[in-house]
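Read off the chains here:
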Amino acid sequence: QVPLEESGGGLVQAGGSLRLSCAASGRTFNTYYMAWFRQAPGKEREFVAGIDWNAINTYYINAVKGRSTISRDNAKNTVYLQMNSLNPEDTAVYYCAAACKNLRGLGCERWGQGTQVTVSS
């Protein structure tokens, strides 16, 4: 088992939905703050959403706020990103990150391999 493993990406039409999952295993790192990032071709990595241990606090960038939900199930060591009303601008590789320093994904030290999300017109 890899430390962080994303799944749930795929090809969807505009207006569709996906739920991404990030499973953590064999942890020797901190998971208090977890986050999702994305990276589109030719662009820099972009923070998408963050969550704290008890899911009391979450934070979203404006591009996804209102149509995306970050959540977690600590019993399963899993973090989720539900994305609705997808549009082609959401096309990117989505990465799960752990051992972040704050809710906005500062200084994350552990990363998954990424899962591809492609949204067609």
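Residues numbered from 1 in each chain as written. Predicted model: local features only at pLDDT ≥ 70, side-chain atom pairs only at ≥ 80, totals over all residues. Heavy atoms only, no water.

### A word on the nonpolar core
Item 1. Among the nonpolar cores identified, the biggest contains 33 residues, and Leu 4, Met 34, Trp 36, Ile 70, Leu 81 and Tyr 94 are the most heavily contacted of them.
Item 2. Per element, the largest residue contribution to this core is five residues, and it comes from strand E9 (residues 92–98).
Item 3. If we ignore the near neighbours within four places in the chain, the residues touching Leu 81 are Leu 18, Arg 19, Leu 20, Trp 36, Val 48, Ala 49, Ser 68, Thr 69, Ile 70 and Tyr 94. (Core = buried A, V, L, I, M, F, W, Y, C linked by side-chain atoms within 4.5 Å. Buried < 20%, exposed > 50% of the residue type's maximum accessible area, 1.4 Å probe, protein only. Helix = DSSP H or I, 4+ residues; strand = E, 2+ residues; numbered from the N terminus. Contact = heavy atoms within 4.5 Å.)

### Concerning the packing of aromatic side chains
Item 1. As enumerated under the stated definition, the model contains four aromatic pairs in all.
Item 2. Summarising the aromatic geometry, the rings of Tyr 32 and Tyr 33 are spaced 4.8 Å apart at their centres and angled 85° between planes, so their arrangement reads as edge-to-face.
Item 3. Looking at Tyr 32, the relative accessible area reads 39%, which means it is partly exposed.
Item 4. With relative accessibility at 25%, the residue Tyr 33 sits in the partly exposed group.
Item 5. Grouping aromatic residues by their ring pairs yields a cluster made of Phe 37, Phe 47, Tyr 59 and Trp 111. (Phe/Tyr/Trp six-rings, centres within 6.5 Å; stacked < 30°, edge-to-face > 60°.)

### Quick word on the pattern of salt bridges
Item 1. In this structure the tally under the stated criterion is three salt bridges.
Item 2. Note that Arg 38 and Glu 46 form a salt bridge whose closest N and O atoms lie 2.9 Å from each other.
Item 3. The exposure class of Glu 46 is partly exposed, given its relative accessible area of 33%.
Item 4. Residues Asp 90 and Arg 38 are paired through a salt bridge, measuring 3.0 Å at the closest nitrogen-oxygen approach. Remark: Arg 38 occurs in strand E4 (residues 34–39) and Asp 90 occurs in the loop between strand E8 (78–83) and E9; sequence separation between them is 52 residues.
Item 5. The exposure class assigned to Asp 90 is buried, which follows from its relative accessible area of 2%.
Item 6. Exposure remark for Arg 38: the relative accessible area of 7% places this residue in the buried category.
Item 7. Connected through salt bridges with shared partners, the residues Arg 38, Glu 46, Arg 67 and Asp 90 form a single ionic network. (Salt bridge = Lys/Arg side-chain N within 4 Å of Asp/Glu carboxyl O.)

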